[in-house]
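Coordinates in review
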Amino acid sequence: MKLIVAVDEKWGIGKNGDLLLSIPDDMLYYRATTRGKVVVMGYTTLLSLPKSKPAPGRLNLILADIEGLRVPGAVVCGSMEQLHRMIGCFHPDDVFDIGGGSMYRQLLPYCSDAHITKMRFDGKADTYIPNLDESDGWDVADESELKDYEGLKYSFVVYHHAKPEPLPTAKYLSTDMSAYFRKKEPLEVALVDDSEYKPKLKTLLHAYFRPLENGFSADEVETYLNAEPKAFEDHLKELHLIASFDEVHAFADRFAGQGEKVTVEREDLEVIDAFADGAITAEDVIARLILSSNKTL
Ligand SMILES: NC(=O)c1ccc[n+]([C@@H]2O[C@H](COP(=O)([O-])OP(=O)(O)OC[C@H]3O[C@@H](n4cnc5c(N)ncnc54)[C@H](OP(=O)(O)O)[C@@H]3O)[C@@H](O)[C@H]2O)c1
């Protein structure tokens, strides 16, 4: 993963929820560097973007501790663990941490490169990031000449860390989402934990959706309630989200009996998306992620 940020001379990055200063050349640099990539941000930073909307032309991952939050055109992660697993679905070079302070601090250990716009002034910030000149393992890999914007001096500096910590990868689905991202073709995924994943999918599809289609029998309700009471209750609550049962069954049939490689078509993903929230795992939200990428790229 990489990060990109503009800092003042004290490594301050923001004040009152906003940037310290906006340099047009820096905005162009930011746009060019992150275009077509996965951008990861905290909710406060999302709110600071134009119209508080996800950055277009990028796959937006938002970390927010707000239950049920949905952001059109973005994938919302409710915990750092979930965000880690999401990021782990992509090639590290394709993922950019774009802030703010809490995100830079928490994700810094996983970053290999930091694109720092160094502004030579004191913005009296209230939000800071660690000073990489004084942080272990970080070296300057590249530095532009000193530039000038209406009297303010600044430069683009790229820092490199040779040994970032690895992020956990997706548990069930092994794939390079980045490749899909670029080609926008059906996705070939390898089921790395076939034994767990497929039965889980089947259980979900058949246990939860099939009985609901035909109405409940008392036995069915009791069986499923006893087996996974919390999950069952959650599903009932989320029922209004599901796609048509025909679609769900067609999807189940497509997965049933396939080998280790599965080609996932867009229609499949829309169906997964319909019950991905909390129903399976963060890895499965991969579906939502793909859908979002198509909306924003
Ligand atoms: N100079 C630059 O290039 C640059 C770039 C981006 C942003 N910024 C600036 O940075 C400032 C914003 O930074 P910030 O640190 O206040 O906010 P932030 O990192 O953008 O976002 C904080 C949000 O993320 C949530 N969050 C963070 N860690 C979480 C976790 N582990 N689990 C669940 N939710 C989590 C927080 O929830 P909780 O509140 O519940 O913890 C909060 O809603 C602004 O001034 C902005 O302009 C500057």
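Criteria and thresholds
Residues numbered from 1 in each chain as written. Predicted model: local features only at pLDDT ≥ 70, side-chain atom pairs only at ≥ 80, totals over all residues. Near = placed C-beta within 6 Å. Helix = DSSP H or I, 4+ residues; strand = E, 2+ residues; numbered from the N terminus. Nonpolar A, V, L, I, M, F, W, Y, C, P; charged D, E, K, R; others polar. Pairing = 2+ DSSP bridges. Buried ≥ 20, exposed ≤ 12 C-beta atoms within 10 Å, placed from the backbone. Right-handed = clockwise from strand over helix to strand, strands pointing away. Contact = placed C-beta atoms within 7 Å. pLDDT = per-residue confidence, 0-100.

As a further point, take the site of the ligand. Taken together, 26 residues form the shell around the ligand, and within it G14, G42, G99, G100 and G101 come nearest. Counting residues per element, the ones that place at least two in the shell around the ligand are β1 (2–7), β2 (12–15), β3 (18–19), β4 (38–42), α2 (43–48) and α4 (101–107). Here the shell around the ligand is composed, by residue class, of 11 nonpolar, 13 polar and two charged.

Across two bridges, β2 lies against strand β9 (residues 127–128) in antiparallel orientation. Each residue of the ladder has a partner; that of G14, found in β9, is T127. Summarising the sheet, β2 and β3 pair through two bridges and their orientation is antiparallel. Note that in β3 the partner of G14 across the bridge is L19. Between β2 and β3, which pair antiparallel one after the other, the connecting turn spans two residues, and N16 there sits at a positive phi close to 50°.

Buried residues dominate β4, accounting for five of its five residues. Of the two faces of β4, the one lined by V38, V40 and G42 and the one lined by V39 and M41 are each fully buried. Bridging between β4 and strand β5 (residues 59–63) involves five bridges; their strand directions are parallel. Pairing of V40 across the sheet is with L61, part of β5. Handedness of the crossover joining β4 and β5 through α2: right-handed. In this sheet, strand β7 (residues 95–97) lies alongside β4 in parallel orientation, the contact comprising three bridges. Bridging across to β7, V39 finds its partner in F96.

Turning our attention to the environment of W138. Mapped onto the fold, W138 is located in strand β10 (residues 138–143). Counting along the chain gives 24 residues from W138 to A162, while the straight-line C-alpha distance between them is 7.7 Å. Leaving out residues up to four positions away in the same chain, W138 has contacts with L132, Y159 and H161.

The next subject is the sheet that holds β9. Spatially, the three strands line up as an open sheet ordered β3-β2-β9, and their pairing is antiparallel. With partners counted over all chains shown, the strands left at the sheet margins are β3 and β9, one partner each.

Another aspect to go through is the confidence of the model for the chain. When the pLDDT values of the chain are averaged, the result is 73; 56% of them are 70 or greater. The low-confidence segment residues 171–175, where pLDDT is below 50, has 21 contacts with residues more than four positions distant or belonging to other chains. Confidence over residues 239–249 falls short of pLDDT 50; this stretch has 17 contacts with residues more than four positions distant or in other chains.

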